[in-house]
Amino acid sequence: MADVTIDWDRCIHSGMCTTIAGNVFGMGPDARLVVLHDSVSGDDLDSVHDAAACCPVDAIAVDG
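Caption draft 1: Structural context of the overall build of the protein chain. From N to C terminus, the protein chain includes two helices and five strands. Compactness check: the protein chain gives a C-alpha radius of gyration of 10 Å against a globular reference of 11 Å for 64 residues, within 12% of the reference. Dimensions of the protein chain along its principal axes, counting C-alpha atoms only, are 30 × 20 × 15 Å. The proportion of buried residues among the 64 residues of the protein chain is 34%. Of all intrachain contacts in the protein chain linking residues separated by at least 6 positions in sequence, the fraction that spans at least 24 positions is 55%. Accessible surface, the protein chain as shown: approximately 3900 Å² in total, 48% of it carbon and sulfur.

Caption draft 2: Just the nonpolar core, in detail. Among the nonpolar cores identified, the biggest contains 17 residues, and Phe25, Val48 and Ile60 are the most heavily contacted of them. Counting only elements with at least two residues in this core, the list comes to β1 (2–6) and α2 (42–54). Take this core: its biggest share by element is four residues, from α2. In this structure Val48 touches Val4, Ala21, Val24, Phe25, Val40, Ile60 and Val62, once residues within four positions along its chain are discounted.

Caption draft 3: Geometry of the side chain of Thr18. Mapping Thr18 onto the fold places it in helix α1 (residues 16–20). At 2.6 Å, the side chain of Thr18 forms a polar contact with the backbone oxygen of Gly15. Those residues in contact with Thr18 that lie beyond four places of it in its chain are Phe25, Gly26, Met27 and Leu33.

Caption draft 4: Main features of the pairing of β1. Because side chains alternate across β1, one face comprises the buried residues Ala2, Val4 and Ile6, and the other comprises Asp3 and Thr5, none of which is buried. The pairing of β1 with strand β5 (residues 60–63) spans four bridges and is classified as antiparallel. Within β5, the position partnered with Ile6 by the bridge is Ile60.

Rules used throughout
Residues numbered from 1 in each chain as written. Predicted model: local features only at pLDDT ≥ 70, side-chain atom pairs only at ≥ 80, totals over all residues. Heavy atoms only, no water. Helix = DSSP H or I, 4+ residues; strand = E, 2+ residues; numbered from the N terminus. Rg over C-alpha atoms; globule rule 2.2 N^0.38 Å. Buried < 20%, exposed > 50% of the residue type's maximum accessible area, 1.4 Å probe, protein only. Contact = heavy atoms within 4.5 Å. Areas by Shrake-Rupley, 256 points an atom, 1.4 Å probe, with all protein chains shown as cover. Core = buried A, V, L, I, M, F, W, Y, C linked by side-chain atoms within 4.5 Å. Polar contact = N/O pair within 3.5 Å; in protein donor to acceptor, adjacent residues only side chain to side chain. Pairing = 2+ DSSP bridges.

Shown next, in the form of structure tokens:
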């Protein structure tokens, strides 16, 4: 199990993470990022690592 955090000061809501890890990240009605699950494991953890690597502003952190 790993914890997912977003640096909201850096996040530009590009949506790349929602495409890569849609089970963990989503877009709210105001087109802003929402974190659906802040603790992940298994396939979701792999997807979050991929999303963190692709984030254009390095706003995603995975601890664990």
